[in-house]
Amino acid sequence: MAYTKDAVERLFARPFFDLLFEAHATHRQHFDPSDIQISTLLSIKTGGCPEDCGYCPQSRRHHTTVADEALLSVEEVVAAARRAKANGAGRFCMGAAWRGPKERDLARVTEMIAAIRGLGLETCATLGLLREGQAEQLAEAGLDYYNHNLDTSREFYGEVIQTRTYDDRIETLERVRKAGLKVCCGGIVGMGETRSDRAALIAQLASLDPPPESVPINLLVRVPGTPLGDAPSLEPLEFVRTIAVARLCLPTSRVRMAAGREGMSEELQALCYFAGANSVFAGDVLLTTPNPAVAADRALFAKLGLNAACAD
Ligand code: SAM
Ligand code: DTB
Ligand code: SF4
């Protein structure tokens, strides 16, 4: 269903418990409320990225402690996927600090995809902008999902990224869809954007036709040395509202609590799960920044009666 930005803003403005109640009811209509999908991330090519995304520790334009590394070997990546599977992940997501993949690199990534699928894991890749034909190559290798985020509203986008446009991103999302891949597309909150920007992002995500199967909501990880290293923190209940509104506007999508769980209390995470989040990134690191320990997540899931979902 298409939502206007104004309609989404009205959802944000609802009394907190009305919003949560409705989001949770919608969640139950479409999903088993006790299941949670678990993805594990691996940075297969770290640092040295030519892009200027203001939030990102991997841009070579920012002064962070992240070192520039070469693309990992197929063997290294498959070994990490095995460990992720042993830790309960159902999907393995590979991230590369590229503007987009070169043909030679894509050939190695397609080998990784085929090998990881052979382990019985779902696969996801986030490699930046795709050129004509590249999404098809990934689909042929057996890739399940491609992650490419819109990140924020069209209006706020230019404050954060100058080296590629909002429309470049939409074009890549169209290529991914056309190749028959499932779409993982979300954004980042806590970058100093307004509630109206958050509403515009969710309206834009909900207007993708069909909507993304997977919607990561990242809370900015403020990394020293990036332009957003000292962005003002987002009020925690506003994060819960964002999850609830995403659940209402994208009722059949997996809504993922992506970056930013490190440092969140169990109570805050529980509220997010109640509000409709039913997916997380698990593993001690995201791409380059810390994430809660696997044992801590497991303990929280047990307390809440959440079970790892096998696939989708
Ligand atoms: N280079 C590719 C691209 O940008 O499309 C793929 C990797 S990139 C690191 C994937 C996503 O990670 C970004 O779109 C952004 O949403 C998220 N991300 C990066 N740095 C982040 C941070 N500091 N906090 C939260 N999310 C972040
Ligand atoms: C997404 O939306 N979030 C993930 C994944 N897709 C690739 C990445 C989060 C990165 C957080 C910063 C870091 O660890 O470098
Ligand atoms: Fe590069 Fe992706 Fe980071 Fe942007 S978000 S600087 S494209 S790795």
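Residues numbered from 1 in each chain as written. Chains lettered and ligands numbered in written order. Predicted model: local features only at pLDDT ≥ 70, side-chain atom pairs only at ≥ 80, totals over all residues. Heavy atoms only, no water.

A.B. asks: Kindly report on the overall build of the protein chain, identifying the contributing residues and their values.
C.D. replies: On a plain count of helices and strands, the protein chain comes out with 11 helices and 10 strands. Principal-axis analysis of the C-alpha atoms gives the protein chain an extent of 50 × 40 × 40 Å. Per-residue burial over the protein chain gives 60% buried out of 312 residues. Residue pairs in contact within the protein chain that sit at least 24 positions apart in sequence constitute 75% of those at least 6 positions apart. Surface accessibility of the protein chain: about 13,000 Å² in total, with carbon and sulfur atoms responsible for 53%. Seen as two clouds, the 34 positive and the 40 negative side-chain charges of the protein chain have centres 2 Å apart. (Helix = DSSP H or I, 4+ residues; strand = E, 2+ residues; numbered from the N terminus. Buried < 20%, exposed > 50% of the residue type's maximum accessible area, 1.4 Å probe, protein only. Contact = heavy atoms within 4.5 Å. Areas by Shrake-Rupley, 256 points an atom, 1.4 Å probe, with all protein chains shown as cover. Lys, Arg positive; Asp, Glu negative; His and termini not counted. Charge placed at Lys NZ, Arg CZ, Asp CG, Glu CD.)

A.B. asks: Which residues make up the packing of aromatic side chains, and what are the values?
C.D. replies: Under the criterion given, the structure shown has 3 aromatic pairs. Relative to Phe17, the ring of Phe16 lies with its centre 5.6 Å away and its plane at 70°, an arrangement referred to as edge-to-face. Residue classification places Phe16 among the buried residues on the basis of a relative accessible area of 15%. Considering the side-chain rings of Tyr157 and Tyr166, the 5.4 Å spacing of their centres and the 80° angle between planes classify their relative orientation as edge-to-face. Across the pair, Tyr166 and Tyr157 agree in class, each one buried. (Phe/Tyr/Trp six-rings, centres within 6.5 Å; stacked < 30°, edge-to-face > 60°.)

A.B. asks: Explain the site of ligand 2 to me, and be specific about the residues and the numbers.
C.D. replies: Near ligand 2 you find 13 residues, and of these Asn149, Asn218, Leu287, Thr288 and Thr289 are the closest. Between ligand 2 and Asn218 there is a distance of 2.8 Å, counted from an oxygen atom to a side-chain nitrogen or oxygen. The pocket occupied by ligand 2, as judged from atoms lying within 2 Å of grid points, is the largest cavity. Here the shell around ligand 2 is built from residues that sort into 7 nonpolar, 6 polar and no charged. (Near = heavy atom within 4 Å. Polar contact = N/O pair within 3.5 Å; in protein donor to acceptor, adjacent residues only side chain to side chain. 1 Å grid on protein atoms, 1.4 Å probe; cavity = no way out; pocket = protein on both sides within 12 Å on 5 of 7 lines; lining within 4 Å. Sits in = over half its atoms within 2 Å of the grid points. Nonpolar A, V, L, I, M, F, W, Y, C, P; charged D, E, K, R; others polar.)

A.B. asks: Can you explain the side chain of Ser59? Please cite residues and give values.
C.D. replies: Positionally, Ser59 belongs in the loop between β1 (35–45) and α3 (74–86). From its side chain, Ser59 meets the backbone nitrogen of Arg61 in a polar contact 3.1 Å long. Those residues in contact with Ser59 that lie beyond four places of it in its chain are Cys49, Glu51 and Asp52.

A.B. asks: Go over the site of ligand 3 with me, naming the residues and quoting the values.
C.D. replies: Taken together, Cys49, Glu51, Cys53, Tyr55, Cys56, Ser59, Ala97, Trp98 and Arg164 make up the full set of residues near ligand 3. Put simply, ligand 3 lies in the largest cavity. Looking at the shell around ligand 3 residue by residue, the class counts come to 6 nonpolar, 1 polar and 2 charged.

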